[in-house]
Amino acid sequence: AQTVTQSQPEMSVQEAETVTLSCTYDTSESNYYLFWYKQPPSRQMILVIRQEAYKQQNATENRFSVNFQKAAKSFSLKISDSQLGDTAMYFCAFMKHATGNQFYFGTGTSLTVIP
Amino acid sequence: DAGVTQSPTHLIKTRGQQVTLRCSPISGHKSVSWYQQVLGQGPQFIFQYYEKEERGRGNFPDRFSARQFPNYSSELNVNALLLGDSALYLCASIPGLAGGSYEQYFGPGTRLTVT
């Protein structure tokens, strides 16, 4: 079984500052994908960034980047130049390769960007 | 193009009743997954359907069932409702299971309240 752990229930950051959200996972799979999803108060889940486990290079998407440590089973999200629109719940998610869209989610981190 | 749509938006039911939730995937998407998100938790995987066949099932009782229609829309049925079934039910779609199409597109969800 796969488990995803997010140990920071709530975080806050000043506008324009940088914040890092933590995620660890446990799996015996060697081929998998990791994701960060954002869920604003409007509740629509939006993909933030994706990482393939076989890639050593950390994924980057504009102000969002990850620190993927495969041996440590750690997958943290860094948000640079935080904006008010970044306020949301952030979920870390794991997917085994070739299962299509069967995701395992963490419990989420509520991020508040303070003006 | 329209995104993933779900109906109804909100639903209130009484314990013991049955409920049907509906999901229409993005046009061209052939796989649909269902998730249950209890307040304060991350989404939990319930079902995955691809080409009208069940491809995965999470750890949910037999009271939960689903099906996918020839137009790839899907229904989630829950029988004998319990108070603990109160949650946001999310539907997500992807184009298929092959070719690395692993970005899920989520619908806005159906908020089910069981009294």
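For the structure itself, consult the block above.
Each value, and the rule that gives it
Per-chain numbering applies: the sequence of each chain, read as written, is numbered from 1 onward. Key to labels: chains lettered from A, ligands numbered from 1, both in the order written. The predicted origin of the model limits local features to residues at a pLDDT of at least 70 and limits the giving and counting of side-chain atom pairs to 80 or more, whereas totals for whole chains, interfaces and linings rest on all residues. Water and hydrogen atoms were dropped before computing side-chain values, which therefore reflect all heavy atoms in the structure. Strands are runs of DSSP state E lasting at least 2 residues, helices are runs of H or I lasting at least 4, and numbering of each runs from the N terminus. Burial classification: accessible surface area is computed with a 1.4 Å probe over protein chains only, and a residue below 20% of its type maximum counts as buried, one above 50% as exposed, and the rest as partly exposed. Identification of polar contacts relies on pairs of N or O atoms within 3.5 Å, with a donor-acceptor requirement for protein atoms, meaning one able to donate a hydrogen and the other able to accept it, and with residues adjacent in sequence counted only if both atoms are side-chain atoms. When DSSP finds at least two bridges between two strands, those strands are taken to pair. Each axis is a line fitted through C-alpha atoms, taken for helices only over the stretch in contact, and angles between the N-to-C directions span 0 to 180 degrees. Basic side-chain nitrogens of Lys or Arg form a salt bridge, by our definition, when they fall within 4 Å of a carboxyl oxygen of Asp or Glu. In this description, a disulfide is simply a cysteine sulfur pair whose atoms lie within 2.5 Å. Here a Phe, Tyr or Trp ring, Trp counted by its six-membered ring, pairs with any other such ring whose centre lies within 6.5 Å, and the pair is stacked when the planes are under 30 degrees apart, edge-to-face when over 60, and tilted otherwise. Contact definition: two residues touch when any of their heavy atoms are within 4.5 Å. In short, buried area is how much 1.4 Å probe accessible area vanishes from two parts on joining, totalled over both. Three classes are used, and their members are as follows: Ala, Val, Leu, Ile, Met, Phe, Trp, Tyr, Cys and Pro are nonpolar, Asp, Glu, Lys and Arg are charged, and the others, Gly among them, are polar. Only buried Ala, Val, Leu, Ile, Met, Phe, Trp, Tyr and Cys residues count toward a nonpolar core, and they belong to the same one when joined by side-chain atoms within 4.5 Å.

Within the secondary structure, Q48 of chain B sits in strand 5 (residues 44-50). A residue is classified by how much of its surface remains accessible, and Q48 of chain B, at 1% relative accessible area, is buried. A polar side-chain atom of Q48 of chain B sits 2.7 Å from a polar atom in the side chain of Q102 of chain A.

Residues and elements named next belong to chain B. Judged by pairing direction, the sheet is antiparallel, and its 4 strands sit side by side in the order 1-3-8-7 without closing on themselves. At either margin of the open sheet sits one strand with a lone partner, and together these are strand 1 (5-7) and strand 7 (64-68). Taken over all neighbouring pairs, the strand axes of this sheet differ in orientation by 15° on average, direction set aside. Taken together, the 5 bridges between strand 7 and strand 8 (residues 74-78) define a ladder with antiparallel strand orientation. The residue of strand 8 that forms the bridge with R67 is E75.

Here the idea is simple: oppositely charged side chains can pair when their charged atoms come close. All names here are of chain B. Taken as a whole, this structure holds 8 salt bridges over all chains when the rule is applied. Between D62 and R57 there is a salt bridge, with its nearest N and O atoms 3.6 Å apart. Ionic pairing is found between R63 and D85, a salt bridge with its closest N-O pair at 2.8 Å. Here the residue R63 occupies a position in the loop between strand 6 (53-57) and strand 7, and D85 occupies one in the loop between strand 8 and strand 9 (87-94), the gap between them amounting to 22 residues. One exposure class covers both R63 and D85, and it is buried. Through salt bridges with shared partners, a single ionic network connects R22, R67 and E75.

This part covers the state of the cysteines. Each disulfide consists of one covalent bond between the sulfur atoms belonging to two cysteines. Counted by the stated rule, this structure contains 2 disulfides over all chains. Two residues, C23 of chain A and C92 of chain A, share a disulfide whose sulfurs are 2.0 Å apart. One quick way to see it: the torsion about the S-S bond of C23 of chain A and C92 of chain A is about -70°, and its sign makes the bridge left-handed. Taken together, the residues C23 of chain A in the loop between strand 3 (19-21) and strand 4 (24-26) and C92 of chain A in strand 10 (residues 88-96) connect sequence positions 69 residues apart. For C92 of chain A, a relative accessible area of 1% puts it in the buried group. Here C23 of chain B engages in a disulfide with C91 of chain B; their sulfurs sit 1.8 Å apart. Given an S-S torsion of about -60°, the disulfide between C23 of chain B and C91 of chain B has left-handed geometry. Of this pair, C23 of chain B sits in strand 3 (residues 19-24) while C91 of chain B is found in strand 9, placing the two residues 68 residues apart along the sequence.

By the definition in use, this model includes 19 aromatic pairs over all chains. Summarising the aromatic geometry, the rings of F103 of chain A and F105 of chain A are spaced 5.9 Å apart at their centres and angled 35° between planes, so their arrangement reads as tilted. A relative accessible area of 1% means that F103 of chain A is categorised as buried. By the ring-pair criterion, three or more aromatic residues cluster together here, those being F35, Y37, F91, F103 and F105 of chain A together with Y35, F45 and F106 of chain B.

Put simply, an interface is often sized by how much accessible area is lost when its parts join up. Each partner contributes to the interface: chain A provides 21 residues, whereas chain B provides 30 residues. Interface of chain A and chain B: buried area, both sides summed, is about 1,900 Å²; carbon and sulfur atoms make up 49% of it. At the surface where chain A touches chain B, the tally comes to 0 salt bridges. Summed over the shared surface of chain A and chain B, the number is 6 residue pairs in polar contact (both at pLDDT 80 or more). Counting only elements with at least two residues in the side of chain A that touches chain B, the list comes to strand 5 (32-39), strand 6 (46-52), strand 10 and strand 11 (103-105) of chain A. Class assignment of the residues belonging to the side of chain A that touches chain B gives a composition of 10 nonpolar, 9 polar and 2 charged.

Take the nonpolar core next. Residues and elements named next belong to chain A. Ranked by internal contacts, the top residues of the largest apolar core, which has 25 residues, are Y25, W36, F75, L77 and Y90. If you list the elements that add at least two residues to this core, you get strand 3, strand 5, strand 6, strand 8 (64-69), strand 9 (74-79), strand 10 and strand 12 (109-114). Here this core gets 4 residues from one element, more than from any other, and that element is strand 10. Filtering out sequence-adjacent residues up to four positions away, Y90 remains in contact with Q6, L21, W36, Y37, K38, V48, F64, L77, I79, G108, T109 and L111.

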